[in-house]
Amino acid sequence: MTEVSKILQDSHGRDHAYLRISLIERCNLRCTYCMPEEGVKLSPKSSLMTYEEIYEIAKTFVDNGVTKIRLTGGEPLIRKDIPIILEKLATLPVELSITSNAVIIDKYIDVLKANGVNKINVSLDSLDEGKFKHITRRHEFKKVYNNILLLVKEGFTLKVNAVLMKGFNENEIIDFINFTKDLPVSVRFIEFMPFDGNKWDMSKMISYAEVMRYVHDAFAEDEVERLQDAPNDTSKNYRIKGYQGSFAIISSVTNPFCDSCNRLRLTANGQLKNCLFSSTESDLLTTLRAGKPIEPVIQKAVWAKLKVRGGMDTLKKLQEPELHTNNRSMTAIGG
């Protein structure tokens, strides 16, 4: 294996060993913070990566130092060839994981296990059925909730991601933490982030500091245990003493973790994004289909990665609409 620094190190000295691959732009939910109400213009099928192309691009990254791949969407499990994709990627020397909304994940338990996918992130923004329908625009709460319990029973390592939005679900912060009392899951509270079409503004955001105020109002100081964060972790991790699970806060807006970022994103139509917030992309798929090596394109894209949030290095810049409307909607990037 080639050293990461050969191709996957940026101009700020960050090595990138983690690749998120979006398999599909479509989703069976319509979460408001992810997909504009009017929907998104989908890439034509011919411009999406085939399973062979996904494998070929992934192998190039692994050969150059990537050790972890997470599959995302849209909803990756609605892609019909997902079993083949998993089978192909499982042959690479890499940790393979997946992010899902868990609506249909019960049908893929055996496939996930057979291909060594043990780590699963599930999106769930409310424990209230009515709120779930409001945010997702779909009636799937009971299915998702029961599938979370099923994944725990089946022994998967599970993280539950909840995007916090003021006036919507901040009153469920303690309910989510108490969800970890008897279940070995990690609930992760994610600050509402700006993407094309999701009507973001600072007033809708619940910050890291605000989450901790809720925590300290509900629990005694000696009950709240700060956990050791993993290297390159995006979250600050905690546990309530005596609880089986834990909780964490991902504060991309108020406390960005850019200094230790080791992540790259590959969209379903084969574009490399060197940052979630970046408005620029590098076309790997066209290069691959032309029979040309993709390593020079990768190296140029990684080297050009900006130091903080795609150049939005202040909260003032983050609030300038043109900076994030030039980006894709979240469903078209990949979670």
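Every value quoted in this text rests on a predicted model; they were computed, and no experiment measured them. (Residues numbered from 1 in each chain as written. Predicted model: local features only at pLDDT ≥ 70, side-chain atom pairs only at ≥ 80, totals over all residues. Heavy atoms only, no water.)

Engineer: Help me out: how do you make sense of the packing of helix H1 (residues 51-63) against helix H2 (residues 82-89) in this one?
Structural biologist: When two helices pack together, their arrangement is given by the angle between their axes and by how far apart the axes lie. Direction vectors running N to C along H1 and H2 enclose 25°, while the axes themselves pass 10 Å from each other. Comparing the axis directions of H1 and H2 gives the class roughly parallel. Both H1 and H2 take part in a crossing whose hand is right-handed. Across the interface between the two elements, Tyr 51, Ile 54, Tyr 55 and Ala 58 of H1 pack against Ile 84, Ile 85, Lys 88 and Leu 89 of H2. (Axes fitted to C-alpha atoms, helices over the stretch in contact; angles between N-to-C directions. Helix = DSSP H or I, 4+ residues; strand = E, 2+ residues; numbered from the N terminus. Parallel < 35°, antiparallel > 145°, perpendicular 65-115°, else oblique. Left-handed = near helix turned anticlockwise from the far one by under 90°. Contact = heavy atoms within 4.5 Å.)

Engineer: So what exactly am I meant to see when it comes to the environment of Ser 207 here?
Structural biologist: Relative to the assigned elements, Ser 207 resides in the loop between strand E6 (185-191) and helix H7 (208-218). Along the backbone, Ser 207 and Val 253 are 46 residues apart, and their C-alpha atoms lie at a distance of 8.0 Å. What Ser 207 contacts, discounting residues up to four positions off in sequence, is Glu 191 and Thr 254.

Engineer: When you look at the pattern of salt bridges in this model, what are you seeing that I'm missing?
Structural biologist: Side chains carrying opposite charge are able to pair once their charged atoms draw close together. In total, this model carries 12 salt bridges according to the counting rule given. Lys 59 is the partner of Asp 63 in a salt bridge, and the nearest nitrogen-oxygen pair spans 3.0 Å. Taken together, the residues Asp 63 and Lys 59, both in helix H1 and four residues apart, mark about one turn of the helix. Note that Lys 119 is salt-bridged to Glu 95, the shortest N-O span being 3.5 Å. Here Lys 119 is found in strand E4 (residues 119-123), whereas its partner Glu 95 is found in strand E3 (residues 95-100), with 24 residues between them in sequence. By relative accessible area, Glu 95 is classed as partly exposed at 32%. (Salt bridge = Lys/Arg side-chain N within 4 Å of Asp/Glu carboxyl O. Buried < 20%, exposed > 50% of the residue type's maximum accessible area, 1.4 Å probe, protein only.)

Engineer: Would you explain the nonpolar core in this entry?
Structural biologist: Soluble globular proteins tend to pack their nonpolar side chains together in the buried interior. With 76 residues, the main nonpolar core has Ile 21, Phe 61, Ile 69, Leu 71, Ile 177 and Phe 189 as its most contacted residues. For this core, the leading source of residues is H1, giving six residues. Other than its neighbours up to four places away in sequence, Ile 69 contacts Leu 19, Ile 21, Ala 58, Val 62, Val 94, Glu 95, Leu 96 and Ser 97. Ile 135, Phe 168, Ile 190 and Met 205 belong to the second largest nonpolar core, which has nine residues in total. (Core = buried A, V, L, I, M, F, W, Y, C linked by side-chain atoms within 4.5 Å.)

Engineer: Help me understand unusual backbone geometry in this model?
Structural biologist: Residues other than glycine predominantly adopt negative phi, and peptide bonds predominantly adopt the trans conformation. For the bond running from Gly 73 to Gly 74, omega is 20°, close enough to zero to count as cis. Even without glycine at this site, Ala 102 takes up a positive phi of about 70°. In this fold, Ala 102 is placed in the loop between E3 and helix H3 (109-114). When its relative accessible area of 0% is taken as the criterion, Ala 102 is described as buried.

Engineer: Just to check I follow, could you spell out the packing of aromatic side chains for this structure?
Structural biologist: Two aromatic rings are characterised by how far apart their centres lie and by the angle between their planes. This model, assessed by the stated rule, comprises seven aromatic pairs. Ring centres of Phe 132 and Phe 141 lie 5.7 Å apart, and the angle between their planes is 65°; on these two criteria the pair is classed as edge-to-face. Comparing Phe 132 with Phe 141 shows no difference in burial state: the two are buried. Grouped by ring-pair contacts, the aromatic residues Phe 132, Phe 141, Tyr 145 and Phe 179 constitute a single cluster. For Lys 88, the ring lying beneath its charged end belongs to Tyr 55, and the centroid distance is 4.4 Å. If you follow Lys 236 out to its NZ or CZ, it ends over the ring of Tyr 208, 5.2 Å from the centre. (Phe/Tyr/Trp six-rings, centres within 6.5 Å; stacked < 30°, edge-to-face > 60°. Lys NZ or Arg CZ within 6 Å of the ring centre and 35° of its normal.)

Engineer: Any chance you could explain the state of the cysteines here in plain terms?
Structural biologist: Scanning all chains against the criterion turns up zero disulfides. Take Cys 258: it sits in no disulfide, and the sulfur closest to it among the cysteines is that of Cys 275, at 6.3 Å. The exposure class assigned to Cys 258 is buried, which follows from its relative accessible area of 13%. By relative accessible area, Cys 275 is classed as buried at 14%. (Disulfide = S-S within 2.5 Å.)

Remember, this is a structural readout, not a statement about activity or role.
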